[in-house]
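Chain by chain, the residues run as shown.
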Amino acid sequence: MIHNEAVLILDFGGQYSQLIARRVRDLNVYCEIKSYKTTAEQISAAGYKGIIFSGGPNSVYAEDSPICDKKVFELGIPVLGICYGAQLMSYSLGGKVQSSEVREYGKTPVDFQTTSLLFQGLEDRSDCWMSHTDYISAVPSGFKITATSGNCPVAAMENTEKGLYALQFHPEVEHSVRGNEMLRNFLYNVCKCSGDWVMSSFALTTIEQIKATVGDKKVICALSGGVDSSVAALLVHKAIGKNLTCIFVDHGMLRKNEGDDVERVFRNQFDMNLIRVNAQERFLTKLAGVDEPEKKRKIIGEEFIRVFEEEANKIGHVDFLCQGTIYPDVVESGVGDAAVIKSHHNVGGLPEDVGFTGIVEPLRNLFKDEVRRVGLELGIPAPLVWRQPFPGPGLAIRIMGEITSEKLEILKDADAIFREEIVEAGMDRNINQYFAVLTGIKSVGVMGDGRTYDNTIALRGVTTSDFMTADWARIPYDLLAKISSRIINEVKSVNRVVYDITSKPPATIEWE
Ligand code: XMP
């Protein structure tokens, strides 16, 4: 536990475990997600103020369904069970869970007893999000029913004496209109949290911790200009100043003006020790004649490490490597046997055997929206804090086929116009990722009196919450028209612009 006041989210494999955690953090309470296998002793030793059981896809009666240590209910720590977590509470304590004929799914009106601490201040009926087949048919002794719905005799139950609460629906999901207040009531009325998780104090504490860990040793960081590496580097810089060296490898496949923008912010505004390596030629030489996407990725990844190492060697001995790893990268899987660590998907995974004494990962416990809030606290300009995700190999995977400096120029110009217009229309926060693609298709056109045979630019814009699935963004026609005509008029050798209207799946977000 990294914070003095924390709540535990015990994960039973539910798809919403991270969402529960984000909601709790938004309510200013620090929380951690741990596997349901965590023992009562471990939980007790960590001193949590409350425990939330996540949902999960199983039935409590199924043979190998996840069941937690029963002693968890006896620790005197308040528990809130959600969906599967609610059924498990009932089942473990002697209540009954049954399977119904039909799955109850979607927005459902629920009737509440507002005398319950959990529902204090709410109206006695509101819509909640249900997603279950099993339901609690009889509550364990000592419990009373505090909410019901048409299909659900026990939409909520509680044993106030033992501090045990259960909800059949998902309060963490937006469609549960008063769900957030219920979570707030649990955290503040039941668990008596004080709500001390705020980003300003996170930044101050983290800077102190880095000072204590690193002392007067040297740290190195690969800065990409993305929000995670930027915020991580800035926290370290605030802690140790010039003992941090940031290496910014400009592989030439960044967006228009991006390299200069990164340099201006970190060197000029924050006075950081920044080395910018302009390595476009070097990367283009390696990429000459290569048109296969995975090969491009591999070449760029490897070359990136080589450039980084060369620069690092010039600095001399370095003790720590700073990385922008964030919580979703490291959070344990609730039901898997081993902790699943997602490989860092960003610019070139850095080598592990470079001989550092340690790794500094100041954002390891934060969600992306928290990283952004810290970034704003530290004074990083808003456009950088809200920057859309950008793949490590950059524009290389947005140019179909071989990459040349001419193609890069065309794509950079078209992409800049697209981005500028989306920002100008105030849509940049609503579209999660948007960019131009140089399709490699040439087609016939007519411009002035002449026939042309030129490039086709595709525009891609998606809305998504996790980038695993995505829908194409409904950009208004008039805006698309303006973008198209600007690209045709202002970018040389483009005579056609198309908009990609494919969701993911079946397509991916990137074209390569
Ligand atoms: P796809 O195209 O797989 O993209 O739907 C999902 C998200 O991942 C990003 N992406 C990458 N990021 N290196 C990265 O750092 C890569 O090779 C890479 N490929 C895709 C993509 O931009 C989107 O946000």
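In this text, all values refer to a predicted model and were calculated from it rather than measured experimentally.

Taken together, the side chains of Tyr 61, Ile 67 and Tyr 91 present a nonpolar region at the surface, about 290 Å² in accessible area. Relative to the elements of secondary structure, Tyr 61 occurs in the loop between strand E3 (50–53) and strand E4 (79–82).

It is worth spelling out the confidence of the model for the protein chain at this point. When pLDDT is averaged along the protein chain, the result is 93; 95% of the residues meet or exceed 70. Note that residues 337–348 has pLDDT below 50 and, in this model, 16 contacts with residues that lie over four places away or in other chains.

Turning our eyes to something else, we now look at unusual backbone geometry. Residues Lys 504 and Pro 505 are joined by a peptide bond in cis, for which omega reads -15°. Turning to its location among the elements, Pro 505 is positioned in the segment after strand E18 (494–499). Cis geometry marks the peptide bond from Pro 505 to Pro 506, where omega comes out at 10°. Mapped onto the elements of the fold, Pro 506 is located in the segment after E18. In this structure, Cys 83 is a non-glycine residue whose phi angle is positive, near 50°. A positive phi angle, close to 70°, is found at Phe 467, a residue other than glycine. Exposure remark for Phe 467: the relative accessible area of 29% places this residue in the partly exposed category.

The subject of this paragraph is the nonpolar core. Residues Phe 53, Leu 235 and Leu 459 are the most contacted members of the largest nonpolar core, which totals 118 residues. Ranked by size, the runner-up nonpolar core spans 38 residues in total, among them Leu 27, Phe 186, Cys 193 and Val 331.

Now for helix H6 (residues 227–240). Under the 1.5 Å per step criterion, the end-to-end length of H6 is 20 Å for 14 residues, consistent within 8% with the ideal 20 Å. Within two residues after H6, Gly 241 carries a phi angle of roughly 55°, on the positive side.

On to helix H4 (residues 179–190), then. Its 12 residues give H4 an end-to-end C-alpha distance of 15 Å, which sits within 8% of 16 Å, the value for a rise of 1.5 Å per residue. Of the residues flanking the end of H4, it is Lys 192, one or two places downstream, whose phi is positive at about 60°.

What follows concerns the side chain of Arg 486. Along the polypeptide, Arg 486 turns up in helix H14 (residues 477–490). Given the relative accessible area of 18%, Arg 486 is considered buried. Setting aside residues no more than four positions away along its own chain, Arg 486 makes contact with Ile 417, Glu 420, Glu 421 and Val 491.

This brings us to the packing of aromatic side chains. In the structure shown here, the tally under the stated rule is 15 aromatic pairs. Between Phe 12 and Tyr 84, the aromatic rings sit 5.6 Å apart at their centres with planes inclined by 50°, giving tilted as the arrangement. Here Tyr 84 lies in helix H3 (residues 84–92) and Phe 12 lies in the loop between strand E1 (6–11) and helix H1 (17–26), a separation of 72 residues in the sequence. An identical accessibility class is assigned to Phe 12 and Tyr 84; each is buried. Here Phe 266 and Phe 270 contribute two aromatic rings whose centre-to-centre distance is 6.1 Å and whose plane-to-plane angle is 35°, an arrangement assigned as tilted. Judged by its relative accessible area of 11%, Phe 270 falls in the buried class. Pairwise contacts between aromatic rings join Phe 12, Tyr 36, Phe 53, Phe 73 and Tyr 84 into one cluster. When the ring centre of Phe 435 is taken as origin, the NZ or CZ atom of Arg 398, which lies over that ring, is 3.7 Å away. Sitting above the plane of the Trp 472 ring, Arg 474 keeps its charged end 3.8 Å from the centroid.

Cut-off values and rules
Residues numbered from 1 in each chain as written. Predicted model: local features only at pLDDT ≥ 70, side-chain atom pairs only at ≥ 80, totals over all residues. Heavy atoms only, no water. Patch = residues over 30% accessible without salt bridge, like charges linked within 9 Å, V, L, I, M, F, W, Y side chains within 5 Å. Areas by Shrake-Rupley, 256 points an atom, 1.4 Å probe, with all protein chains shown as cover. Salt bridge = Lys/Arg side-chain N within 4 Å of Asp/Glu carboxyl O. Helix = DSSP H or I, 4+ residues; strand = E, 2+ residues; numbered from the N terminus. pLDDT = per-residue confidence, 0-100. Contact = heavy atoms within 4.5 Å. Buried < 20%, exposed > 50% of the residue type's maximum accessible area, 1.4 Å probe, protein only. Core = buried A, V, L, I, M, F, W, Y, C linked by side-chain atoms within 4.5 Å. Expected span 1.5 Å × (residues − 1). Phe/Tyr/Trp six-rings, centres within 6.5 Å; stacked < 30°, edge-to-face > 60°. Lys NZ or Arg CZ within 6 Å of the ring centre and 35° of its normal.

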